[in-house]
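An overview of the molecular structure
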Amino acid sequence: QIEIQVADRIVLDNLKKELNYEGNVTTRDRVKKSGTISSTCRLQVTSNQIVQDLMSKYNITPKKSLNLEPPIRLGNEEAFSYIIGYIDGNGSINTGRNAKLFSLSITSGSFGLIEWMTKAIYILCKADIPRINIIKKDKSFIYTVLYPMYSLVRIKNRLGTTSIPALSRKWSKLSSIDTD
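Residues numbered from 1 in each chain as written. Predicted model: local features only at pLDDT ≥ 70, side-chain atom pairs only at ≥ 80, totals over all residues. Heavy atoms only, no water.

Glancing now at the nonpolar core. With 27 residues, the main nonpolar core has Leu104, Ile106, Ile121 and Trp171 as its most contacted residues. When contributions to this core are tallied by element, the ones reaching two or more residues are α4 (76-90), β5 (102-108), α5 (111-125), β7 (140-147) and α6 (149-159). Look past the residues within four positions of Leu104 in its chain and what remains in contact with it is Ile87, Ser92, Ile93, Val145, Leu146, Tyr147, Leu152 and Ile155. Leu12, Tyr21, Leu43 and Leu54 belong to the second-largest nonpolar core, a separate cluster that totals nine residues. (Core = buried A, V, L, I, M, F, W, Y, C linked by side-chain atoms within 4.5 Å. Buried < 20%, exposed > 50% of the residue type's maximum accessible area, 1.4 Å probe, protein only. Helix = DSSP H or I, 4+ residues; strand = E, 2+ residues; numbered from the N terminus. Contact = heavy atoms within 4.5 Å.)

What follows is the structure, given as C-alpha coordinates:
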(Lines give C-alpha, C1' and ligand atoms only; values in the text may rest on other atoms or scores of the structure.)
Protein backbone atom coordinates (compact mmCIF):
# COMPACT_ATOMS: atom_id res chain seq x y z
CA GLN A 1 0.00 0.00 0.00
CA ILE A 2 1.05 3.58 -0.66
CA GLU A 3 -0.36 6.24 1.65
CA ILE A 4 0.04 10.01 1.29
CA GLN A 5 -1.66 13.23 2.36
CA VAL A 6 -5.07 13.93 0.85
CA ALA A 7 -3.71 17.17 -0.63
CA ASP A 8 -1.49 15.02 -2.87
CA ARG A 9 -4.17 12.53 -3.95
CA ILE A 10 -3.57 13.37 -7.62
CA VAL A 11 -0.25 11.53 -7.35
CA LEU A 12 -2.02 8.26 -6.51
CA ASP A 13 -4.72 8.90 -9.10
CA ASN A 14 -2.01 9.38 -11.74
CA LEU A 15 -0.12 6.28 -10.58
CA LYS A 16 -3.31 4.22 -10.71
CA LYS A 17 -4.01 5.47 -14.23
CA GLU A 18 -0.42 4.86 -15.38
CA LEU A 19 -0.53 1.30 -14.04
CA ASN A 20 -4.01 0.64 -15.51
CA TYR A 21 -4.90 -0.51 -12.01
CA GLU A 22 -8.56 -1.10 -11.18
CA GLY A 23 -8.26 -0.72 -7.38
CA ASN A 24 -9.63 2.29 -5.53
CA VAL A 25 -7.84 5.20 -3.90
CA THR A 26 -9.39 5.40 -0.43
CA THR A 27 -9.39 8.23 2.10
CA ARG A 28 -9.21 7.95 5.87
CA ASP A 29 -8.93 10.25 8.84
CA ARG A 30 -6.68 9.57 11.82
CA VAL A 31 -6.60 11.36 15.14
CA LYS A 32 -3.02 12.26 16.06
CA LYS A 33 -1.71 12.20 19.64
CA SER A 34 -2.10 15.99 19.64
CA GLY A 35 -5.82 15.57 18.95
CA THR A 36 -5.66 16.99 15.43
CA ILE A 37 -7.09 15.03 12.53
CA SER A 38 -4.85 13.92 9.68
CA SER A 39 -6.47 12.93 6.39
CA THR A 40 -4.62 10.54 4.12
CA CYS A 41 -5.40 8.66 0.96
CA ARG A 42 -4.19 5.20 0.15
CA LEU A 43 -3.77 2.96 -2.84
CA GLN A 44 -3.61 -0.68 -1.88
CA VAL A 45 -2.10 -2.79 -4.62
CA THR A 46 -3.05 -6.46 -4.58
CA SER A 47 -1.45 -7.52 -7.85
CA ASN A 48 1.81 -9.40 -7.20
CA GLN A 49 3.12 -8.35 -10.62
CA ILE A 50 2.54 -4.66 -9.93
CA VAL A 51 4.10 -4.97 -6.47
CA GLN A 52 7.17 -6.65 -7.97
CA ASP A 53 7.43 -3.98 -10.68
CA LEU A 54 7.16 -1.16 -8.12
CA MET A 55 9.90 -2.77 -6.05
CA SER A 56 12.29 -3.65 -8.87
CA LYS A 57 11.80 -0.68 -11.20
CA TYR A 58 11.04 2.15 -8.78
CA ASN A 59 12.64 0.95 -5.53
CA ILE A 60 9.34 1.29 -3.65
CA THR A 61 9.85 -0.98 -0.68
CA PRO A 62 8.33 -1.55 2.75
CA LYS A 63 9.73 0.88 5.36
CA LYS A 64 11.63 2.68 2.60
CA SER A 65 12.46 5.63 4.83
CA LEU A 66 14.62 3.36 6.98
CA ASN A 67 16.43 1.35 4.35
CA LEU A 68 16.48 3.27 1.07
CA GLU A 69 19.89 3.23 -0.57
CA PRO A 70 21.15 6.19 -2.58
CA PRO A 71 20.78 5.95 -6.34
CA ILE A 72 23.94 5.39 -8.32
CA ARG A 73 25.14 6.59 -11.70
CA LEU A 74 22.60 9.37 -12.18
CA GLY A 75 23.23 12.38 -14.37
CA ASN A 76 22.69 15.83 -12.88
CA GLU A 77 19.08 16.17 -14.09
CA GLU A 78 18.16 12.68 -12.90
CA ALA A 79 19.79 13.33 -9.51
CA PHE A 80 17.94 16.63 -9.15
CA SER A 81 14.65 14.93 -10.13
CA TYR A 82 15.28 12.26 -7.52
CA ILE A 83 15.98 14.88 -4.85
CA ILE A 84 12.85 16.91 -5.68
CA GLY A 85 10.76 13.72 -5.58
CA TYR A 86 12.31 12.69 -2.27
CA ILE A 87 11.61 16.11 -0.77
CA ASP A 88 8.03 15.87 -2.07
CA GLY A 89 7.67 12.58 -0.18
CA ASN A 90 9.91 12.90 2.88
CA GLY A 91 10.66 16.57 3.22
CA SER A 92 9.04 19.74 4.36
CA ILE A 93 9.43 23.42 3.64
CA ASN A 94 8.54 25.52 6.64
CA THR A 95 8.25 29.18 7.43
CA GLY A 96 9.46 30.61 10.71
CA ARG A 97 7.58 33.11 12.84
CA ASN A 98 8.81 35.77 10.48
CA ALA A 99 7.30 34.85 7.09
CA LYS A 100 10.61 35.74 5.44
CA LEU A 101 12.43 32.85 7.11
CA PHE A 102 12.18 29.41 5.56
CA SER A 103 13.81 26.08 6.19
CA LEU A 104 13.93 22.81 4.27
CA SER A 105 14.06 19.57 6.19
CA ILE A 106 14.64 16.12 4.71
CA THR A 107 14.22 13.01 6.86
CA SER A 108 15.48 9.47 6.35
CA GLY A 109 16.64 6.47 8.34
CA SER A 110 19.38 5.84 5.78
CA PHE A 111 22.59 7.78 6.49
CA GLY A 112 23.96 6.74 3.08
CA LEU A 113 21.01 8.38 1.35
CA ILE A 114 21.30 11.55 3.46
CA GLU A 115 25.03 11.77 2.75
CA TRP A 116 24.50 11.31 -1.01
CA MET A 117 21.66 13.85 -1.08
CA THR A 118 23.55 16.59 0.79
CA LYS A 119 26.55 16.16 -1.51
CA ALA A 120 24.32 16.24 -4.61
CA ILE A 121 22.48 19.36 -3.41
CA TYR A 122 25.84 21.03 -2.74
CA ILE A 123 27.09 20.19 -6.23
CA LEU A 124 23.84 20.91 -8.12
CA CYS A 125 22.64 23.97 -6.22
CA LYS A 126 25.74 25.33 -4.48
CA ALA A 127 23.76 25.10 -1.22
CA ASP A 128 25.86 25.10 1.92
CA ILE A 129 26.36 22.00 4.02
CA PRO A 130 23.24 21.67 6.22
CA ARG A 131 22.80 20.87 9.88
CA ILE A 132 21.97 17.20 10.47
CA ASN A 133 20.01 16.14 13.55
CA ILE A 134 20.19 12.50 14.62
CA ILE A 135 17.47 10.87 16.72
CA LYS A 136 17.58 7.28 17.94
CA LYS A 137 14.19 5.61 17.50
CA ASP A 138 13.78 2.01 18.57
CA LYS A 139 16.71 0.19 16.92
CA SER A 140 17.19 2.76 14.15
CA PHE A 141 18.48 6.27 13.71
CA ILE A 142 16.46 9.01 12.03
CA TYR A 143 18.48 11.71 10.26
CA THR A 144 16.93 15.10 9.61
CA VAL A 145 18.77 17.52 7.34
CA LEU A 146 17.99 21.21 7.86
CA TYR A 147 18.80 23.82 5.23
CA PRO A 148 18.53 27.53 6.04
CA MET A 149 16.83 30.12 3.84
CA TYR A 150 19.89 31.21 1.82
CA SER A 151 20.38 27.60 0.70
CA LEU A 152 16.69 27.41 -0.20
CA VAL A 153 17.15 30.42 -2.49
CA ARG A 154 19.85 28.48 -4.35
CA ILE A 155 17.67 25.36 -4.53
CA LYS A 156 14.69 27.45 -5.74
CA ASN A 157 16.84 29.10 -8.41
CA ARG A 158 18.01 25.67 -9.61
CA LEU A 159 14.43 24.34 -9.59
CA GLY A 160 13.43 27.27 -11.80
CA THR A 161 15.83 26.09 -14.53
CA THR A 162 14.18 22.72 -15.03
CA SER A 163 10.87 21.22 -16.04
CA ILE A 164 10.84 18.73 -13.14
CA PRO A 165 7.32 18.45 -11.73
CA ALA A 166 7.17 19.14 -7.99
CA LEU A 167 4.30 19.20 -5.50
CA SER A 168 3.01 22.75 -5.58
CA ARG A 169 1.66 22.33 -2.03
CA LYS A 170 5.27 22.34 -0.82
CA TRP A 171 7.22 24.33 -3.35
CA SER A 172 4.73 27.21 -3.76
CA LYS A 173 5.75 28.30 -0.26
CA LEU A 174 8.99 29.51 -1.83
CA SER A 175 7.25 31.87 -4.25
CA SER A 176 7.67 34.79 -1.86
CA ILE A 177 11.41 34.31 -1.49
CA ASP A 178 13.40 37.08 -3.11
CA THR A 179 15.93 35.31 -5.33
CA ASP A 180 18.17 38.32 -6.01
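Before going further, it helps to spend a moment on the packing of aromatic side chains. Counted according to the given criterion, the structure contains three aromatic pairs. Here a set of aromatic residues connected by ring pairs shows up, and it is made of Phe111, Phe141 and Tyr143. We note Arg158 situated over the ring of Phe80; from NZ or CZ to the ring centre the distance is 4.6 Å. (Phe/Tyr/Trp six-rings, centres within 6.5 Å; stacked < 30°, edge-to-face > 60°. Lys NZ or Arg CZ within 6 Å of the ring centre and 35° of its normal.)

Shape is all these values report; function is a separate question.
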